Structure formats: structure tokens, C-alpha cells
Amino acid sequence: MAGPWLALGDFNSVMGAHETTVVLKCQSYEDFRAGVTICNLTDLDSQGPFHTWRGFRRGKIVMSLLDRAL
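For every chain, the first residue of the written sequence is number 1, and numbering continues from 1 onward in sequence order. Restriction of local features to residues with pLDDT of at least 70 applies here, the model being predicted, together with a cutoff of 80 or more for giving and counting side-chain atom pairs; totals for whole chains, interfaces and linings are based on all residues. To obtain the side-chain values, all non-hydrogen atoms of the structure were used and water was disregarded.

**Details of the pairing of strand 2 (residues 53-57)**
We call two strands paired when DSSP finds no fewer than two bridges between them. Helix and strand assignments come from DSSP, with helices taken as H or I runs of at least 4 residues and strands as E runs of at least 2, each series counted from the N terminus. Direction of pairing for strand 2 relative to strand 3 (residues 60-64): antiparallel, over a ladder of 5 bridges. Bridging across to strand 3, F56 finds its partner in I61. Here strand 2 hands over to strand 3 after 2 residues, with R58 in that stretch at a positive phi of 55°.

**Here's the deal with unusual backbone geometry**
With the exception of glycine, the majority of residues adopt a negative phi angle, and the majority of peptide bonds are in the trans configuration. Positive phi, normally seen in glycine, also occurs at N12, with a value near 55°. Inspection of the secondary structure puts N12 in the loop between strand 1 (8-10) and helix 1 (26-38). Phi at N40 takes a positive value of approximately 55°, unusual for a residue other than glycine. Relative to the helices and strands, N40 resides in the loop between helix 1 and strand 2. When its relative accessible area of 68% is taken as the criterion, N40 is described as exposed. Burial classes: relative accessible area under 20% of the type maximum marks a residue as buried, over 50% as exposed, and values in between as partly exposed (1.4 Å probe, protein chains only).

Have a look at this one:
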């Protein structure tokens, strides 16, 4: 693909453990981060709350940064 392009939306994955309140397996976020790097994408800064998704797991509040623009 020639020229710049934009991918945005709910990727349902985080770039690292610092982007979620859930304990994750390293492989899950390392794969996503590797894909972003291979595609030569840049994670754009956003405004507003850091965590873009909130839910419940086992009765506890879970927060993650899932919505992003690359």
C-alpha cells in the first residue's frame, strides 16, 4: 500500500501490561506490539481517559486501553 494510512478502532488488545488492570500473559501483548511494529504503524496519542474500556471480571472492575488510532 502506497502512502499514509490510518487504522482505528477497538483492537481488543493492549500494547503492554501498563495499559490494563488485568494480569496478562506476555505473549498476548507482545504479538500485538510486534504486528504494529512490522506494519510500521505509530500509536497516536489520544485525549480523554487513559482506559477506553471498562467491564467486570470475577466481580472486579477491569479497565483497559483498547480503542486506539495507528
